[in-house]
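# Structure at a glance
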Amino acid sequence: MLKQSSVVDVLLLLLAIAVLATPAFSDLVLSKVERRIDVTSQFARVTKTLKVVNSGSESVSEFTLTFPKFLGNNLAYLSVAHSEGKGKSKRPLVNLSVEAANPKGMPDSISFYTVALPKPLSKGETLTLEVVAAFTNVLQPFPEKISQGDVHLVMLQESAQYLSPYAVESQSLSIKLLPNARIESYTNLENTKLQGSEIKYGPYKNLPQYSYSPIVVHFESKAAFAVAEKLVREIEVSHWGNVQVTEHYNIVHRGAQLKGEFSRLEFQDRPNPRGASAFRHLLARLPPRAHSIYYRDDIGNISTSQMQSDSKKTELLIEPRFPLFGGWKTFFTIGYGLPLSDFLFASEGKRFLDISFGSPMLDLVTEHLIVQLRIDVDADEDEVVLPEGSKDISVITPFAVKQSQEIKYSHLDIAGRPVVVLEKNNVVPDHNQKIQVYYKFSNINLLSEPLMLISGFFVLFITCIIYTRADFSISKSSAAYLAKLQWDEVLATLQEVQSIIQKCLATHDKLEASLRDLSRTGDIQTCKAARKSYDSLLKDLSKELKPLLASLQSSPSASQISPKVEELVAKEKELQEKLMAKHTTVVEGYEKKSSGRDIENRIASQQQKIIALRQDVEDLLEFIDEI
């Protein structure tokens, strides 16, 4: 508290210097000042009704507004309007031009703004001004850190008397709090009274210029101190009948920070008293015919949302995945579609988009707002999306914003789409006003994308027709085609050779089996009959190999493989001879009634040669099979 008191003391000193050293700006006098400060949300909204009288002899065309510097630094929105008449004859408010000023010789502790009057104010004439100002970061949490069960207390610093470079004849101030708000303390001056949830100061009479009487109000705030550190609004206009709005929120709770640990059990058991400083939901007021609404974050869709709609509005009540206490953050995205006919109009050969600037979230303060407006149309061969050229794009806003243009590419784009980027800092709900984006566009360009798709499919179908009907095979008279035929013949011949050799090997196995039967049964005649049958079969297979070998030897394509095939046939022939010799030796031994050991000794050398030849034949078959 000491730090804030010292700031007020320094401010009072600077204001005293200003009072002593500053002459009057003009002969204007404020005959009546009514100030109303609304602190029911997280920012202070100040409404002033100023009745201005020219008591001098010369006409005055400008009016000066002043704010203490600590308020001026947090000024988010300021508008001044002029009203005439009373009761039923009262005319609508007309907004006046307001500009920041820096008069010479003025102290730095005061912010000055100049208002251009609708017409010079002559001697004795009166004028009523309606001033609306919104200040952020002026409701300071006090204490700055609280536990989960503590109430959220904030502190407001203001002046009971109106700070003005003009004399004030009568002035009153009212500070509006939330109903049933707990008031810890407030500065009690002369003519101060508390009525329900409203604190009133004044009226104070005959105040000199630069009057200042500091006051402090310490009270409970149940408002959601939700601040969007960054908000990106993407507004995409499609001339096919839709306006798509996508909003990316980076939300932080700027109230008193949570001290200690968070207990989910206590919060769910008693959410109101044990989580009074947290906010659980936000309310977005969308246009009446909003459709295709979604609410999601990086994890996915968030189902904790409710929507109500009628002919005047669509309300979306969203609840984050967790309650937000002071200092906590969350990120999410909402999106919705709007009917084009409600927001796009034509005027003087141009089209213009009439849509709101700020966030649809109620009572949300945005530190940095980026609005991207994209016109979803296509260009002709020479232009950059808008047929008449992107130079005709213009934006009208009711307040100053940073403007820029860029190009973004999407599906079926050739030159890209123009994007109007609007940026503004310190945005409050008062900024949620209509903006207009003017541009030129011809309906003929609506056919660009359909024609592009039709042309693409047409080319695809023509290509398929040509491909299926044309003959892309190699000519039968070409050398490559003939070489391919010859190689195919070689491969077929090799397969036949392999098949015959495999049959020969199978016959060899049967011949070996007849010898085993002989040793088991001793039936010599049956063994001889089997040999005769197998011998005849092997001769037939040998005859089949001769024309195949001749074909390979005569083919130029088989020049490299032919020696291996000849070696294979020779090895098989030699294997066949060795097997026949072995068979003869075994049968003769049985006829002479030799012992089994004597027969084995006689065929031992033959058996080793047979095993080696069988392995050579199998290796050659494997080599040919790889080819």
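Residues numbered from 1 in each chain as written. Predicted model: local features only at pLDDT ≥ 70, side-chain atom pairs only at ≥ 80, totals over all residues. Heavy atoms only, no water.

By the naming in an unreviewed UniProt entry, the protein is Dolichyl-diphosphooligosaccharide--protein glycosyltransferase subunit 1, taken from Thlaspi arvense. Regarding the protein, the UniProt comment filed under Sequence similarities (unreviewed entry) reads as follows: "Belongs to the OST1 family." Reading the Pathway (unreviewed entry) entry of the UniProt record for the protein gives the comment "Protein modification; protein glycosylation." (UniProt positions renumbered as here; feature names shortened; annotations may be inferred.)

## Re the packing of aromatic side chains
Under the criterion given, the structure shown has 13 aromatic pairs. For the pair Phe357 and Phe399, a centre-to-centre distance of 5.2 Å together with 75 degrees between the ring planes defines the contact as edge-to-face. Placement of the pair is Phe357 in the loop between β26 (350–356) and β27 (365–376) and Phe399 in the loop between β28 (394–396) and β29 (402–408), with a sequence separation of 42 residues. This pair shows no difference in class: Phe357 is buried, exactly as Phe399 is. Members of the aromatic cluster, joined through ring pairs, are Phe262, Phe322, Phe325 and Trp328. In this structure, Lys564 packs its charged tip against the face of Phe623, placed 5.4 Å from the ring centre. (Phe/Tyr/Trp six-rings, centres within 6.5 Å; stacked < 30°, edge-to-face > 60°. Helix = DSSP H or I, 4+ residues; strand = E, 2+ residues; numbered from the N terminus. Buried < 20%, exposed > 50% of the residue type's maximum accessible area, 1.4 Å probe, protein only. Lys NZ or Arg CZ within 6 Å of the ring centre and 35° of its normal.)

## A look at a negative patch on the surface
Taken together, the side chains of Asp619, Glu622, Asp625 and Glu626 make up a negatively charged region of the molecular surface. Looking at where Asp619 falls in the secondary structure, it is placed in helix α8 (residues 596–626). Overall, Asp619 belongs to the partly exposed group, its relative accessible area being 39%. (Patch = residues over 30% accessible without salt bridge, like charges linked within 9 Å, V, L, I, M, F, W, Y side chains within 5 Å. Areas by Shrake-Rupley, 256 points an atom, 1.4 Å probe, with all protein chains shown as cover. Salt bridge = Lys/Arg side-chain N within 4 Å of Asp/Glu carboxyl O. Lys, Arg positive; Asp, Glu negative; His and termini not counted. Charge placed at Lys NZ, Arg CZ, Asp CG, Glu CD.)

## Overview of the pairing of strand β25 (residues 344–347)
Two strands pair when backbone bridges link them, and β25 and β26 are joined in this way by four bridges, in the antiparallel orientation. By the bridge assignment for β26, Ala346 is matched with Arg351. The turn linking β25 back onto β26 is made up of two residues, and Glu348 within it adopts a positive phi angle of 55 degrees. (Pairing = 2+ DSSP bridges.)

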